[in-house]
Amino acid sequence: MEYKRNIIVTGGAGFIGSHVVRLFVNKYPDYHIINLDKLTYAGNLANLQDIERMPNYTFVKADICDFETMCGLMQRYAVDGIIHLAAESHVDRSIKDPFTFARTNVMGTLTLLQAAKLYWESLPEGYEGKLFYHISTDEVYGALEMTHPEGVKPPFSTMASSAEHHMAYGTEFFRETTKYSPHSPYSASKASSDHFVRAFHDTYGMPVIVTNCSNNYGPYQFPEKLIPLFINNIRHRKPLPVYGKGENVRDWLYVEDHARAIDLIFHKGKVADTYNIGGFNEWKNIDLIKVVINTVDRLLGRAPGEDMDLITYVTDRKGHDLRYAIDSSKLQRELGWEPSLQFEEGIERTVCWYLDHQAWLDNVTSGDYLRYYDEMYKNR
Ligand code: NAD
Ligand code: DAU
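In short, a report on the structure.

Here is what the cut-offs are and how they apply
Residues numbered from 1 in each chain as written. Chains lettered and ligands numbered in written order. Predicted model: local features only at pLDDT ≥ 70, side-chain atom pairs only at ≥ 80, totals over all residues. Heavy atoms only, no water. Helix = DSSP H or I, 4+ residues; strand = E, 2+ residues; numbered from the N terminus. Rg over C-alpha atoms; globule rule 2.2 N^0.38 Å. Buried < 20%, exposed > 50% of the residue type's maximum accessible area, 1.4 Å probe, protein only. Contact = heavy atoms within 4.5 Å. Core = buried A, V, L, I, M, F, W, Y, C linked by side-chain atoms within 4.5 Å. Near = heavy atom within 4 Å. Polar contact = N/O pair within 3.5 Å; in protein donor to acceptor, adjacent residues only side chain to side chain. Areas by Shrake-Rupley, 256 points an atom, 1.4 Å probe, with all protein chains shown as cover. Pairing = 2+ DSSP bridges. Axes fitted to C-alpha atoms, helices over the stretch in contact; angles between N-to-C directions. Parallel < 35°, antiparallel > 145°, perpendicular 65-115°, else oblique. Left-handed = near helix turned anticlockwise from the far one by under 90°. Nonpolar A, V, L, I, M, F, W, Y, C, P; charged D, E, K, R; others polar. Salt bridge = Lys/Arg side-chain N within 4 Å of Asp/Glu carboxyl O.

Details of the overall build of the protein chain
Within the protein chain, the regular secondary structure consists of 13 helices and 12 strands. Computed over its C-alpha atoms, the radius of gyration of the protein chain comes to 20 Å, within 12% of the 21 Å expected for a compact globule of 380 residues. Relative to its 380 residues, the protein chain shows a buried fraction of 59%. Partitioning the contacts of the protein chain with sequence separation of at least 6, the portion at a separation of at least 24 is 83%.

Remarks on the nonpolar core
The tendency in soluble globular proteins is for nonpolar side chains to be buried as a group. Judged by nonpolar contacts, the single largest core of 41 residues is most densely connected at F24, L45, Y57, I83, Y133, I265 and I277. Excluding its chain neighbours within four sequence positions, the residues that come into contact with F24 are I7, Y31, I33, I83, D263, F266 and H267. Counting residues in hydrophobic clusters, the runner-up holds 33 residues, among them Y220, V242, Y254 and I289.

Considerations on the site of ligand 2
Neighbouring residues of ligand 2: 24 residues in total, closest T137, D138, Y186, R317 and H320. Contacts to ligand 2 include T137, whose side-chain N or O atom sits 2.7 Å from an oxygen atom. For ligand 2, an oxygen atom lies 2.9 Å from a polar atom in the backbone of Y243. Contact with the protein chains removes 94% of the 680 Å² of surface that ligand 2 exposes when unbound. Contributing elements (two or more residues each) for the shell around ligand 2: α7 (226–235) and β8 (240–243).

Examining the sheet that holds strand β11 (residues 282–284)
In spatial order, the strands read β7-β9-β11; together these three strands make up an open sheet with mixed pairing. Every other strand in the sheet has two partners, leaving β7 (215–217) and β11 as the edge strands with one partner each. Sheet twist, expressed as the average angle between the axes of neighbouring strands with direction ignored, equals 50°. Pairing of β7 with strand β9 (residues 249–254) involves three bridges; the strand directions are parallel. Along β9, the bridge assignment pairs N216 with L253. Sheet strands in contact with helix α9 (residues 285–299) are β9 and β11, and its direction is about 90° off that of β11.

Focus on the packing of α9 against helix α11 (residues 343–356)
For the pair α9 and α11, the least separation of the axes is 10 Å and the interaxial angle reads 55°. Judged by the angle between their axes, α9 and α11 are oblique. The way α9 lies across α11 gives a crossing that is right-handed. On α11, the residues touching L288, V291, V292, T295, V296, R298 and L299 of α9 are F343, I347, E348, V351, C352 and L355. For the contact of α9 with α11, the per-class residue count stands at 10 nonpolar, one polar and two charged.

Remarks on the sheet that holds strand β5 (residues 131–137)
Taken in spatial order, the seven strands make up an open sheet running β3-β2-β1-β4-β5-β6-β10, and their pairing is parallel. Of all the strands in the sheet, the pair left with one neighbour each is β3 (57–61) and β10 (274–277). Here the average twist between neighbouring strands, direction ignored, is 20°. Direction of pairing for strand β2 (residues 31–37) relative to β3: parallel, over a ladder of five bridges. Each bridged residue has a counterpart across the sheet, and for D37 the counterpart in β3 is K61. Each of β5, β6 (208–213) and β10 is contacted by helix α6 (residues 185–204), which is oriented at about 155° to β5, the strand it contacts most.

What to know about the site of ligand 1
The full set close to ligand 1 counts 28 residues, and I16, D37, S89, Y186 and K190 are the nearest of them. Note that an oxygen atom of ligand 1 is positioned 3.5 Å from one of the backbone N or O atoms of G43. Summarising the interface, the protein chains cover 97% of the accessible area of ligand 1, which totals 840 Å² for the free molecule. When residues in the shell around ligand 1 are grouped by element, the largest group, three residues, is from β5.

Description of the pattern of salt bridges
Under the definition given, this model contains 22 salt bridges. Across the salt bridge formed by D63 and R103, the nearest N and O atoms sit 3.0 Å from each other. Placement of D63 in the loop between β3 and α2 (67–76) and of R103 in helix α4 (residues 98–121) is noted, with a sequence separation of 40 residues between them. On the basis of relative accessibility, which here comes to 16%, the residue D63 falls in the buried class. Note on R103: relative accessible area 39%, which makes it partly exposed. Shared partners join several salt bridges into a network, and the residues in it are R237, R302, E306 and D307.

If you want it as structure tokens, here you go:
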């Protein structure tokens, strides 16, 4: 079948990538969606079981650092769009092993850019109708001050409403014009990849878009990240390791709202532009953790706050950024996007999902998920 578009989504077996792949495969039956993923520890094909047999979906196990393979795939699938999510994404791992982050996030992105450039420049129409869409993070902007450490609109710990948490801890926000100032090896590698993407536009005229998003939460997130790790630990009454004093602030966005933004920007975004994507939803870690504990306890029929004593303050993350808060008003103004879910609903859905999918969590924590590819794909 001739498809209207042939789009590679890199990192489609990861957390955000799996939501993007699912959205595109279901919403656009006339697009061919090629999920290109190396299946590192963070890639889990079980995240996509519901769509893996759809005719417009193809999975390819490959490393974005492998130049020959990237060139071959561009040709083989006549790719006209790339949505690039593949990355090493966990800050704590980057502190222990920065090389892997430079390899995948910097060299991998550059490899993919060069493969796209060679292929698109070889076509009679050149770059017309093509797009390299790079998914990045708000962490490239560094950290914001906390001008209102107690919160502008207290009290927060018992509430779960996004509206109350917008502009809660300061007046400064990350805007598209904010100067890059990455602090962790992870954010430094993402910043570098963003620069390469923009350089390919400025130097070669490649049509690119970059978006920088805040913390995502929701189903299928690898349980090394705060929210799924803590839900699983509360369920099993294991300690909850809170870094430092739990005072750091993050801006949380439900993952499906990020996927919706990616869809909108892929189709309507302005080439060579940057859009910030955020939740308008700032939380101090410790307040968010209390909401998660209360929600898990209620859904498991435990006494309210019964598991608060699992909170365990541990040594702080090195270089721990104090506050992230995104101003996504440009995206709202220009493309009409806004988060569809209030945090109260998003966190309820998320906790319910992990409690209902203990088998998914067990599969991931035991390492069994790493065999899924061999069982399902290798001999097809
Ligand atoms: P994730 O760690 O859950 O998934 C990453 C995926 O990339 C995995 O499937 C992994 O197998 C794949 N991958 C890693 N190295 C690869 C390689 N060399 N070749 C091919 N595939 C490879 O990550 P995530 O949280 O879904 O984040 C996806 C993207 O979004 C990343 O670029 C991240 O920087 C960015 N981002 C994440 C968040 C967040 O809160 N999670 C927020 C903003 C931006
Ligand atoms: O802001 C966007 C970024 O959000 C993405 O670019 C990253 O890929 C993603 O991992 C996320 O980074 P964070 O470092 O903010 O997420 P994490 O879930 O690791 O931590 C959230 C906050 O919770 C952070 O302040 C550290 C703290 N934390 C985390 C863990 C895992 C703890 O206190 N204890 C923990 O065990």
